[in-house]
Amino acid sequence: MVASSLPLPRLAARTIDSIPIFTDDALYDASSVRIAFTGRAGGASEGDYASLNLGTHVGDDRDVVLGNRRALLCAFGEPDMPLVVPNQVHGTDLVDIETSDPEALRGIQDAADAGADGLVVSCPRVAALLCFADCVPVIIVSPTGRVAVVHAGWRGAVARIASSACKRLAALDARELGHDAPAPSEFNAYIGPHICASCFETGPDVAQRFASEIGPGCVPDARHVDLEEALILDFESAGLLRERIASAHACTKCEPDRFFSYRASGGVCGRHGALAFRSR
């Protein structure tokens, strides 16, 4: 795996096979890494889960959800690519994926099923998918082609899951490349649709915890937290540059017609996704 510089990140909205996504085509052209943040349109789920629900744990028909996941991979021309999806538990555990061997992947999926909120993929031809409905989807890409896909709920964000994933990528790069490994300042980070600061009302204890653990810059007032700014500050603490952090600038609660929102729906809804893989 040889490191090469990445273009500055940019998230653009486009539609592939009737599935609206945010992606970075320049990143794919430069590194063969495909990233995507989905919305709620383009799938086969119905009712509260309409239509591209990617979560199997919310009460939707499991076969339909698995069909939605296949449709997403097919949209990228990768119908047979193995897909690892963790059981997200609002923690900070990360699972490493370093091989596409089918038997090894079964063990990796078992580890992800036991509970994890991030996947770190070092090998090509394996896709990572995490699911969301207000929490923050995060994807980090190293110039080596390693990627991390992270679920940052408020508990994970304040516990610094973003910088932990960044440091894990850097450590794996260094293990392979030694002094030639890229620094976190060369990584790209992408922040997908999530609940915005105005909509994310918390108790004062949560806001104070963010102010103490991350910094007052992510707490606009005593009852609101800016999760995106918290993640950016956390990234910067690990050496990632603000200019290398791209945001979809979309609020899930403000736009429930485009995205699933736990708060807007009263707790019954599907899940959109953050997907990443390296094609070669």
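First things first, this report covers the structure right here in the doc. (Residues numbered from 1 in each chain as written. Predicted model: local features only at pLDDT ≥ 70, side-chain atom pairs only at ≥ 80, totals over all residues. Heavy atoms only, no water.)

Some thoughts on the packing of aromatic side chains
And then number 1: Inspection of every chain in the model, using the stated rule, returns two aromatic pairs.
And then number 2: When the ring of Phe76 is compared with that of Phe277, the centres are 6.1 Å apart and the planes differ by 70°; the resulting orientation is edge-to-face. In this pair, Phe76 is assigned in the loop between helix 2 (62-75) and strand 4 (83-84) and Phe277 in strand 12 (residues 272-278), connecting sequence segments 201 residues apart.
And then number 3: We classify Phe76 as buried; its relative accessible area is 16%.
And then number 4: For Phe277, a relative accessible area of 2% translates into the label buried.
And then number 5: The ring of Tyr28 carries Arg34 above its face, with NZ or CZ at 4.5 Å from the centroid. (Phe/Tyr/Trp six-rings, centres within 6.5 Å; stacked < 30°, edge-to-face > 60°. Helix = DSSP H or I, 4+ residues; strand = E, 2+ residues; numbered from the N terminus. Buried < 20%, exposed > 50% of the residue type's maximum accessible area, 1.4 Å probe, protein only. Lys NZ or Arg CZ within 6 Å of the ring centre and 35° of its normal.)

As for the pairing of strand 6 (residues 118-121)
And then number 1: Both faces of strand 6 are covered, namely the face carrying Gly118 and Val120 and the face carrying Leu119 and Val121.
And then number 2: By the bridge criterion, four bridges tie strand 5 (residues 94-97) to strand 6 in an arrangement that is parallel. Along strand 6, the bridge assignment pairs Asp96 with Val120.
And then number 3: The handedness of the strand 5 to strand 6 crossover, carried by helix 3 (residues 102-113), is right-handed. (Pairing = 2+ DSSP bridges. Right-handed = clockwise from strand over helix to strand, strands pointing away.)

Describing the sheet that holds strand 1 (residues 12-16)
And then number 1: Taking strand neighbours across the sheet as the criterion, the six strands line up as 1-2-3-12-7-4 in an open arrangement whose pairing is mixed. Each end of this open sheet is capped by a strand with a single partner; those strands are strand 1 and strand 4.
And then number 2: The sheet contact formed by strand 3 (residues 33-38) and strand 12 spans five bridges and is antiparallel. Across the sheet, Ala36 pairs through a bridge with Leu275, a residue of strand 12.
And then number 3: Packed onto the sheet, helix 2 meets strand 1, strand 2 (19-23), strand 3, strand 4, strand 7 (127-132) and strand 12 and runs at close to 60° relative to strand 2. (Contact = heavy atoms within 4.5 Å. Axes fitted to C-alpha atoms, helices over the stretch in contact; angles between N-to-C directions.)

Quick word on helix 7 (residues 227-237)
And then number 1: Counting buried residues along helix 7, eight of its 11 residues qualify, which places the element largely inside the surrounding structure.
And then number 2: Those residues of helix 7 that fall on the buried side of the exposure criterion are Leu227, Glu228, Glu229, Ala230, Leu231, Ile232, Asp234 and Phe235.
And then number 3: Where helix 7 begins, the side chain of Asp226 points an oxygen toward the backbone nitrogen of Glu228, at a separation of 3.2 Å.
And then number 4: One or two steps after helix 7, the chain reaches Gly239, where phi turns positive at roughly 100°. (Polar contact = N/O pair within 3.5 Å; in protein donor to acceptor, adjacent residues only side chain to side chain.)

Considering the pattern of salt bridges
When charged atoms on two side chains of opposite charge get close, those side chains can pair.
And then number 1: Counted according to the given criterion, the structure contains 12 salt bridges.
And then number 2: Between Arg242 and Glu236 there is a salt bridge whose closest N-O contact spans 3.1 Å.
And then number 3: Each of Arg14, Asp25 and Arg34 takes part in salt bridges that share partners, so that together they form one network. (Salt bridge = Lys/Arg side-chain N within 4 Å of Asp/Glu carboxyl O.)

Notes on the side chain of Arg146
And then number 1: For Arg146, the position within the fold is in the loop between strand 8 (136-141) and strand 9 (147-152).
And then number 2: The class for Arg146 is buried, based on a relative accessible area of 4%.

Thoughts on unusual backbone geometry
And then number 1: In this structure, Ser51 follows Ala50 across a cis peptide bond, with omega equal to -5°.
And then number 2: As for its position among the elements, Ser51 is in the loop between strand 3 and helix 2.
And then number 3: Its identity as a non-glycine residue notwithstanding, Asp17 has a phi of 45°, on the positive side.

A few points about the sheet that holds strand 9
And then number 1: Across the sheet, six strands lie side by side as 5-6-9-8-10-11; this open sheet has mixed pairing. Each having just a single partner strand, strand 5 and strand 11 (245-247) make up the two edges of the open sheet. Pairs of neighbouring strands in the sheet enclose a mean axial angle of 15°, with direction left out of account.
And then number 2: Pairing of strand 6 with strand 9 involves four bridges; the strand directions are antiparallel. Paired with Val120 across the strands is Ala148, a residue of strand 9.
And then number 3: Where helix 5 (residues 161-177) meets the sheet, it contacts strand 5, strand 6, strand 8 and strand 9, and its direction lies at approximately 165° from that of strand 9.
And then number 4: Seen against the sheet, helix 7 touches strand 8, strand 9, strand 10 (188-191) and strand 11 and runs at an angle of roughly 25° to strand 8.

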